[in-house]
Amino acid sequence: MKKLIAVLAAGVLVLSMASVASAGKPKKVHDSFGASLLPFPKLAAWGDVLGLTAPGCAAGQEGMHWVGQEFTSPGKGTLRVYMEGFTGDHDLYVVIDDAYIRSENGQVPVGTTDVAPPEEEITVPLKKGQKITMIACNWLGEPEVEAHYEGTFK
């Protein structure tokens, strides 16, 4: 009986040490989302400025002009959302509490010859359990839109 109690106590001790060790480990997140989308080259309007409409190509139709991915933070940390290497002009948004964080670099010259490289990026600090929506859209580019997100959370 004493051996059984000693074995059980040792097992409980090992399990509790393992749970404490894993609780301190940061959780890493890395994933992608995307779709084949039609261009929606909506220029800024008063509705964007006043917050009445979604900005840029995010004002188009979901699944046709933009694709979204919801994310719930597994802990406190920073999430990086990015796109790179695309052809044309794609944009990226993160929606937090109905507010849009934007990455709308101009890869297509509109009245100028300055063209941004094919990349968009947004970095946001998040609290544990915070919910956001990431949006990738085709403003005026090739149909294939792919966004990536990564972060480390405690």
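Quick note: structure is the one above.
With respect to the state of the cysteines
- Considering all chains together, one arrives at one disulfide under this definition.
- Here Cys-57 connects covalently by a disulfide to Cys-137, the sulfurs 1.9 Å from one another. One quick way to see it: the torsion about the S-S bond of Cys-57 and Cys-137 is about 55 degrees, and its sign makes the bridge right-handed. Here Cys-57 is found in the loop between helix H2 (46-50) and strand E2 (66-72), whereas its partner Cys-137 is found in strand E7 (residues 131-141), with 80 residues between them in sequence. For the pair formed by Cys-57 and Cys-137, the shared burial category is buried.

Re the sheet that holds strand E3 (residues 77-84)
- On the basis of which strands lie adjacent, the open sheet formed by four strands has the order E1-E8-E3-E6 and antiparallel pairing. Pairing within the sheet leaves two strands with one partner each, and these edge strands are strand E1 (27-36) and strand E6 (119-126). The sheet shows a mean angle of 15 degrees between the axes of neighbouring strands, direction not considered.
- By the bridge criterion, six bridges tie E3 to strand E8 (residues 144-153) in an arrangement that is antiparallel. The partner of Tyr-82 across the bridge, within E8, is His-148.

Structural notes on the pairing of E7
- As judged from the seven bridges shared by E2 and E7, these two strands associate in the antiparallel manner. Bridge pairing in E7 places Thr-72 opposite Lys-131.
- Judged from the eight bridges that link them, strand E4 (residues 88-96) and E7 form a sheet pairing that is antiparallel. Residue pairing in the sheet places His-90 in a bridge with Asn-138 of E7.

Section: the nonpolar core
- One finds Phe-71, Leu-79, Val-94, Ile-132, Met-134, Ala-136 and Tyr-149 to be the most contacted residues of the largest nonpolar core, which totals 22 residues.
- Those elements that place two or more of their residues in this core are E1, E2, E3, E4, E6, E7 and E8.
- Per-element tally for this core: the top contributor is E8, with four residues.
- Beyond its immediate stretch of four places on either side in the chain, Phe-71 contacts Val-29, Leu-79, Leu-126, Gln-130, Lys-131, Ile-132, Met-134, Tyr-149 and Phe-153.
- Ala-58, Trp-66, Val-95 and Cys-137 belong to the second largest nonpolar core, which has nine residues in total.

Cut-offs used in this document
- Residues numbered from 1 in each chain as written.
- Predicted model: local features only at pLDDT ≥ 70, side-chain atom pairs only at ≥ 80, totals over all residues.
- Heavy atoms only, no water.
- Disulfide = S-S within 2.5 Å.
- Helix = DSSP H or I, 4+ residues; strand = E, 2+ residues; numbered from the N terminus.
- Buried < 20%, exposed > 50% of the residue type's maximum accessible area, 1.4 Å probe, protein only.
- Pairing = 2+ DSSP bridges.
- Axes fitted to C-alpha atoms, helices over the stretch in contact; angles between N-to-C directions.
- Core = buried A, V, L, I, M, F, W, Y, C linked by side-chain atoms within 4.5 Å.
- Contact = heavy atoms within 4.5 Å.

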